[in-house]
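# Residue-level structure breakdown
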Amino acid sequence: MIDNLLLLVQNPSFALDVVLNGLLVGAIFALAAYGMSLVWGVLNIVNIVQGELVVLGGFIAFALASHGVPPLAALPLSAALMFCVGWLLYRVVVFRVVDKDLFISILATFGLSILIQQLMNMVFGSDVRSIDTGLGSIHMLDGAVTLAWIKIIAFVLALAAGAALWLFLRHARMGQAIRATAQNARAAHVLGIDTDRVYVVTYGINAALCGAAGSLAVMAWTIHPYIGLPYTVRSFLIVVVAGLGNVAGVVAAGLGLGAVENVAGFVLGAEYQIAFVFALMVAILVWRNLRAARSRSYLS
């Protein structure tokens, strides 16, 4: 570990390579976190199935690519299919836990995550999957920094999705209805907004964003049926740091998490990278709790 840390300190160009690659991967984390922020803010549900939706989107893109669909063309198709999956999940299960105790929603979506995980294992198998885009990489600083083109494309698409989501929430009629429902669902319903339709569209958008994130993950990285939980934890961590409804904050937190996680994975070893994410989540939750306790003590 010390040797790896010294390698980063003594070789700034190599450190730049690690950080830049982490930032690019972090954009995929932010893409998945957009949806969790929406669902948490509008439906008041902590969506534990978030990671499994990401992985399912990746498997759909992999299946489409295996049947001859160009990898980048598989991304919008996967997102569209995942919107339908999200719609179905809401109509079958999720609508039953809206406005219920938060713990009930956690249990319900945790059950969904296990179900989807096992279904993916049955349909796609437990092997690690990835899509070779054939786009290659670019090299900078005499080859000291290497960036895969698919990661650069993922970064641009994630930022574009964030901008599109912000514009949709600000200017589209449904986007305005989503914002109104998030602020006060009862008042929105009294004013004529079909809150049930808002909820199902919101959950469908979340699933579509997860499908896009999973499609990029299977192209830039790898997936398998049991890798969903780390994506859920990353999304949860990003939303906790950024706050609900803060699209710019989600982008910044996602990029920061990607960079920090990549550096930690290199320094500590790849086998401890996910453990670092879990430890970071615990540390941030403890810090926020202590900060809130100090605020209450000061006010009293």
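Everything discussed here concerns the structure shown above.
Our subject in this report is the structure included herewith. All of these numbers come straight from a predicted model, not from anything done at the bench.

Glancing now at the overall build of the chain. Summing up its helical and strand segments, the chain has 12 helices and two strands in all. Against the globule reference of 19 Å for 300 residues, the chain gives a C-alpha radius of gyration of 20 Å, in line with a compact fold. With 300 residues in all, the chain has 46% of them scored as buried. Counted over contacts in the chain with a minimum sequence separation of 6, partners at least 24 positions apart contribute 77%. Looking at the chain as shown, the accessible area adds up to about 14500 Å², and 66% of this sits on carbon and sulfur atoms. Both charge centroids of the chain, one from 15 positive and one from 12 negative side chains, sit 16 Å from each other.

Turning to helix H11 (residues 247–268), a few remarks are in order. The end-to-end C-alpha separation of H11 is 31 Å, in line with the 32 Å expected for 22 residues at 1.5 Å each. Backbone geometry just downstream of H11 places Gly-269 in the positive-phi region, at approximately 110°.

All right, on to the state of the cysteines then. Here the structure, examined in full by the defined rule, presents zero disulfides. In this model Cys-84 remains outside any disulfide bridge; the closest cysteine sulfur is found in Cys-210, 15 Å from its own. The partly exposed category is assigned to Cys-84, whose relative accessible area is 48%. Here Cys-210 falls in the buried class, since its relative accessible area comes to 0%.

The next thing to look at is helix H6 (residues 149–171). Taking 1.5 Å per residue, 23 residues should reach 33 Å; H6 reaches 33 Å between its end C-alpha atoms and fits that length. Turning to H6, its buried residues number three or more, namely Ile-150, Lys-151, Ile-152, Ala-154, Ala-158, Ala-161, Gly-162, Leu-165 and Leu-169.

Moving on, we come to the side chain of Ser-37. Within the element layout of this structure, Ser-37 appears in helix H2 (residues 12–43). Residue Ser-37 is classed as buried on the basis of its relative accessible area of 7%. Here Ser-37 is in contact with Val-239, Gly-243, Leu-244, Gly-245, Asn-246 and Val-250, once residues within four sequence places are set aside.

On a regular strand, each side chain points to the face opposite its neighbour's, so the side chains alternate between the two faces of the sheet. In the sheet, strand S1 (residues 137–140) pairs with strand S2 (residues 145–148) via four bridges, with the strands oriented antiparallel. Within S2, the residue paired with Ile-138 across the bridge is Leu-147. With antiparallel pairing between neighbouring strands as the criterion, S1 and S2 make up a hairpin whose turn holds four residues, including Leu-141 at a positive phi of roughly 55°.

Taken as a whole and judged by the stated rule, the model has six aromatic pairs. Consider the rings of Phe-29 and Tyr-231, whose centres lie 6.3 Å apart with planes at 70°: the pair is edge-to-face. Of the two residues, Phe-29 is situated in helix H2 and Tyr-231 in helix H10 (residues 228–242); the sequence distance between them amounts to 202 residues. Across the pair, Tyr-231 and Phe-29 agree in class, each one buried.

Bringing the environment of Trp-149 into the picture now. Within the element layout of this structure, Trp-149 appears in helix H6. The partly exposed category is assigned to Trp-149, whose relative accessible area is 38%. Sequence spacing of Trp-149 and Gly-136 is 13 residues, and the spatial spacing of their C-alpha atoms is 6.1 Å. Once residues within four sequence positions are removed from consideration, Trp-149 is found in contact with Leu-135, Gly-136, Ser-137 and Ile-138.

Here we take up the packing of helix H3 (residues 50–66) against helix H9 (residues 195–220). With their axes 6 Å apart at the nearest point, H3 and H9 run at an angle of 55° to one another. Our classification of the angle between H3 and H9 gives oblique. Every pair of crossing elements has a handedness; the one defined by H3 and H9 is right-handed. Contact with H3, carried on its side by Gln-50, Leu-53, Val-54, Gly-57, Gly-58, Ala-61 and Phe-62, involves Tyr-203, Asn-206, Ala-207, Cys-210, Gly-211, Ala-213, Gly-214, Ser-215 and Val-218 of H9 and no other residues of that element. Partitioned by chemical class, the residues of the contact of H3 with H9 number nine nonpolar, seven polar and no charged.

Taken together, Leu-115, Leu-119, Met-122 and Val-123 make up a surface patch of nonpolar side chains, about 440 Å² in accessible area. Relative to the helices and strands, Leu-119 is located in helix H5 (residues 102–124). Residue classification places Leu-119 among the partly exposed positions, given a relative accessible area of 43%.

Within the largest apolar cluster, 84 residues are counted, with the highest numbers of intra-cluster contacts made by Leu-31, Tyr-34, Leu-43, Leu-53, Tyr-90, Ile-178 and Tyr-203. With 16 residues, H9 is the single largest residue contributor to this core. Those residues in contact with Leu-53, other than ones at most four positions away along the chain, are Asn-47, Met-82, Leu-89, Ile-116, Tyr-203, Asn-206, Ala-207, Cys-210 and Gly-211.

Following the sequence through the fold, Ser-78 ends up in helix H4 (residues 71–92). A polar contact of 2.8 Å, which involves the side chain of Ser-78, links it to the backbone oxygen of Gly-57. For Ser-78, the residues in contact, after removing those within four places along its chain, are Gly-57, Ile-60, Ala-61, Leu-64, Gly-211 and Ser-215.

What counts and how
For every chain, the first residue of its written sequence is number 1, and the numbers climb from 1 along that sequence. Only residues with pLDDT of at least 70 get local features here, since the model is predicted, and only at 80 or more are side-chain atom pairs given and counted; chain-wide, interface and lining totals rely on the full set of residues. Only heavy atoms go into the side-chain values, all of them from the structure, while hydrogens and water stay out. The helix and strand labels rest on DSSP assignments: H or I over at least four residues marks a helix, E over at least two residues marks a strand, and numbering proceeds from the N terminus. Radius of gyration: C-alpha atoms only; globule rule: 2.2 Å multiplied by the number of residues to the exponent 0.38. Buried means the residue's accessible area, taken with a 1.4 Å probe over protein chains only, is under 20% of the maximum for its type, while exposed means over 50%, and partly exposed covers the values in between. Note on definitions: a residue-residue contact is assigned when non-hydrogen atoms from the two residues lie within 4.5 Å. A 1.4 Å probe and the Shrake-Rupley method give the accessible areas. Residues count as covered only by the protein chains that appear here. Residues scored as positive are Lys and Arg, those scored as negative are Asp and Glu, and His as well as the terminal groups of each chain are ignored. To locate a charge, take atom NZ for lysine, CZ for arginine, CG for aspartate or CD for glutamate. Here the expected length of a helix is defined as 1.5 Å per residue gap, with one fewer gap than residues. We call a pair of cysteine sulfur atoms a disulfide when they lie within 2.5 Å. In short, DSSP must find at least two bridges between two strands for them to pair. For Phe, Tyr and Trp, where Trp contributes only its six-membered ring, two rings pair if their centres lie within 6.5 Å, and the inter-plane angle classes them as stacked under 30 degrees, edge-to-face over 60, or tilted in between. Under this scheme, a helix contributes an axis fitted over its contacting stretch, all axes are lines through C-alpha atoms, and angles between N-to-C directions fall in the 0 to 180 degree range. Under this scheme an angle from 65 to 115 degrees is roughly perpendicular, one under 35 degrees roughly parallel, and one over 145 degrees roughly antiparallel; angles in between are oblique. The hand of a helix crossing depends on one turn: near helix anticlockwise from the far one by less than a right angle means left-handed, and clockwise means right-handed. Think of it as three bins: nonpolar holds Ala, Val, Leu, Ile, Met, Phe, Trp, Tyr, Cys and Pro, charged holds Asp, Glu, Lys and Arg, and polar takes everything else, Gly as well. Patch building starts from residues that exceed 30% relative accessible area and form no salt bridge, then joins like charges within 9 Å and nonpolar side chains (Val, Leu, Ile, Met, Phe, Trp, Tyr) within 5 Å. Within this document, salt bridges are pairs made up of a side-chain nitrogen of Lys or Arg and a carboxyl oxygen of Asp or Glu, the two lying within 4 Å of each other. Nonpolar cores were defined as sets of buried Ala, Val, Leu, Ile, Met, Phe, Trp, Tyr and Cys residues, with membership established by side-chain atoms within 4.5 Å. Think of a polar contact as two N or O atoms within 3.5 Å of one another; within protein, one of them needs to be a possible hydrogen donor and the other a possible acceptor, and neighboring residues in sequence only count if both atoms come from side chains.

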